[in-house]
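# Descriptive analysis of the structure
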Amino acid sequence: MEERKTAGRVRAICISEKRGTEKHAVAEAKFEKGFGIVGDAHAGHWHRQVSLLSYDKVKEFNSRGADVQDGAFGENLVVEDLDFRSFPVGTILRCQDVVLRMTQIGKECHTHCRIYHRMGECIMPVQGVFAEVLSSGTIQTGSMMTVEFPAKDRPFTAAVITMSDKGSKGERKDESGPAMKEGLTAAGFDVVEELILPDEKALLKKELIRLCDQRQVSLILTSGGTGFSERDTTPEATMEVMTRNAPGIAEAIRAESMKYTKRAMLSRGASVIRGQTLIINLPGSPKAVRESMEIILESVQHGLGILRGSESECAR
């Protein structure tokens, strides 16, 4: 297996003062903690504060006749000798006084850019990565960037999704999402996203794939959509995105919940793995969410450790 390089040189710094306009190169830029590059229109208090692209990928793309200039892909930093796409989310990037943490790999291309229309492809949606700024400072063209891979004992990350037609329209207060977040936070998880979606299978599948593949969260909990109603399609969406099944978790929830109500047998919730992410469907009510988390959370954390490689299988 080829060893990944852990140091590279900044070849270009690019910003755009207005959204919808192409980025242009600057000699240096100021990075603000929790915000991004000062003066760049795409900076903000979110997880995609800075975009990065490997110079080597751009060079290879240009060798096929693309002839794109720095910033044409919408990237902020172009760095030589670092294959960002091969690094896991959570990787720390240090450059001068600036510290960045990778938060997402790739992005969905909603509207194909002029590069795509000319070349039939664009490398940013696949090769680009995004980061948040952990420490402020200034980066100049030519600065060296070093890489630190995330520790195996770092906190697990999580996302929570409430499935509710009324909740997504603001017609009903979501109590299940906060209940999931509260339980996860108390257990030491870093909850990075909270979503409320209508009961639409295609939309849930899209978000599950994004959270697993691009954000690489450790755990996704969903609430709702597990019953017999025609629009209850959460288990179907979950099963359709899995790479491996993990049925014991859903079975444990149903078995223990039967002690409280016989109607627990009607829950169709699933539990699966996609890549390095565990996805678990919980019932829709806040009370059932809390009861389910009490049943599974300790064992789930052990399973996530095995999935990550920080814990080993153990036999009785």
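The rules we used
- Residues numbered from 1 in each chain as written.
- Predicted model: local features only at pLDDT ≥ 70, side-chain atom pairs only at ≥ 80, totals over all residues.
- Heavy atoms only, no water.
- UniProt positions renumbered as here; feature names shortened; annotations may be inferred.
- Axes fitted to C-alpha atoms, helices over the stretch in contact; angles between N-to-C directions.
- Helix = DSSP H or I, 4+ residues; strand = E, 2+ residues; numbered from the N terminus.
- Left-handed = near helix turned anticlockwise from the far one by under 90°.
- Contact = heavy atoms within 4.5 Å.
- Buried < 20%, exposed > 50% of the residue type's maximum accessible area, 1.4 Å probe, protein only.
- Phe/Tyr/Trp six-rings, centres within 6.5 Å; stacked < 30°, edge-to-face > 60°.
- Lys NZ or Arg CZ within 6 Å of the ring centre and 35° of its normal.
- Salt bridge = Lys/Arg side-chain N within 4 Å of Asp/Glu carboxyl O.

The name given to the protein chain in an unreviewed UniProt entry is Molybdenum cofactor biosynthesis protein, and the organism recorded there is Drancourtella massiliensis. Database annotation for the protein chain, UniProt heading Pathway (unreviewed entry): "Cofactor biosynthesis; molybdopterin biosynthesis."

Axis separation between helix H8 (residues 247–257) and helix H9 (residues 286–308) bottoms out at 9 Å; the angle between their running directions is 145°. Judged by the sense of rotation from one axis to the other, the crossing of H8 with H9 is right-handed. Between H8, through Ile249, Ala252, Ile253, Glu256 and Ser257, and H9, the contact on the second element is made entirely by Ser292, Ile295, Ile296 and Val300.

A few words on the environment of Leu221. Residue placement: Leu221 occurs in strand E14 (residues 219–223). Of the residues examined, Leu221 reaches a relative accessible area of 1% and is grouped as buried. It is 9.4 Å that separates the C-alpha atoms of Leu221 and Ser271, two residues lying 50 residues apart in sequence. Not counting the four nearest positions on each side in its chain, Leu221 is found in contact with Ala159, Val160, Ile161, Met180, Leu184, Ile280, Leu282 and Met293.

Time to look at the packing of aromatic side chains. Counted according to the given criterion, the structure contains three aromatic pairs. Each ring, one from Phe84 and one from Phe87, has its centre 6.1 Å from the other, and the planes form 85°; the classification is edge-to-face. Judged by relative accessible area, Phe84 falls into the buried class, the value being 1%. Their ring planes at 35° and their centres at 5.9 Å tell us that Phe156 and Phe189 sit as a pair that is tilted. Linking Phe156 in the loop between strand E11 (144–148) and strand E12 (157–163) with Phe189 in the loop between helix H5 (176–186) and strand E13 (190–197), this pair joins segments that are 33 residues apart in sequence. An identical accessibility class is assigned to Phe156 and Phe189; each is buried. A connected cluster of aromatic rings, assembled from ring pairs, spans Phe84, Phe87 and Phe149. Over the aromatic face of Phe130 sits the side chain of Arg48, whose NZ or CZ is 4.6 Å from the ring centroid. Note that Lys287 overlies the ring of Tyr260, its terminal NZ or CZ placed 5.9 Å from the centroid.

This part covers the pattern of salt bridges. For the coordinates displayed, the defined rule picks out 17 salt bridges. In this structure, Lys23 engages Asp40 in a salt bridge whose closest nitrogen and oxygen atoms are separated by 3.7 Å. With Lys23 in the loop between strand E1 (7–15) and strand E2 (24–26) and Asp40 in the loop between strand E4 (36–37) and strand E5 (50–54), this residue pair connects regions lying 17 residues apart in the sequence. Both residues of the pair, Lys23 and Asp40, count as buried. Two residues, Lys181 and Glu194, come together in a salt bridge whose shortest N-O distance is 3.0 Å. Of this pair, Lys181 sits in helix H5 while Glu194 sits in strand E13, and the two are 13 residues apart along the sequence. Overall, the relative accessible area of 31% leaves Lys181 in the partly exposed class. One salt-bridge network, held together by shared partners, links Glu193, Glu207, Arg210 and Arg215.

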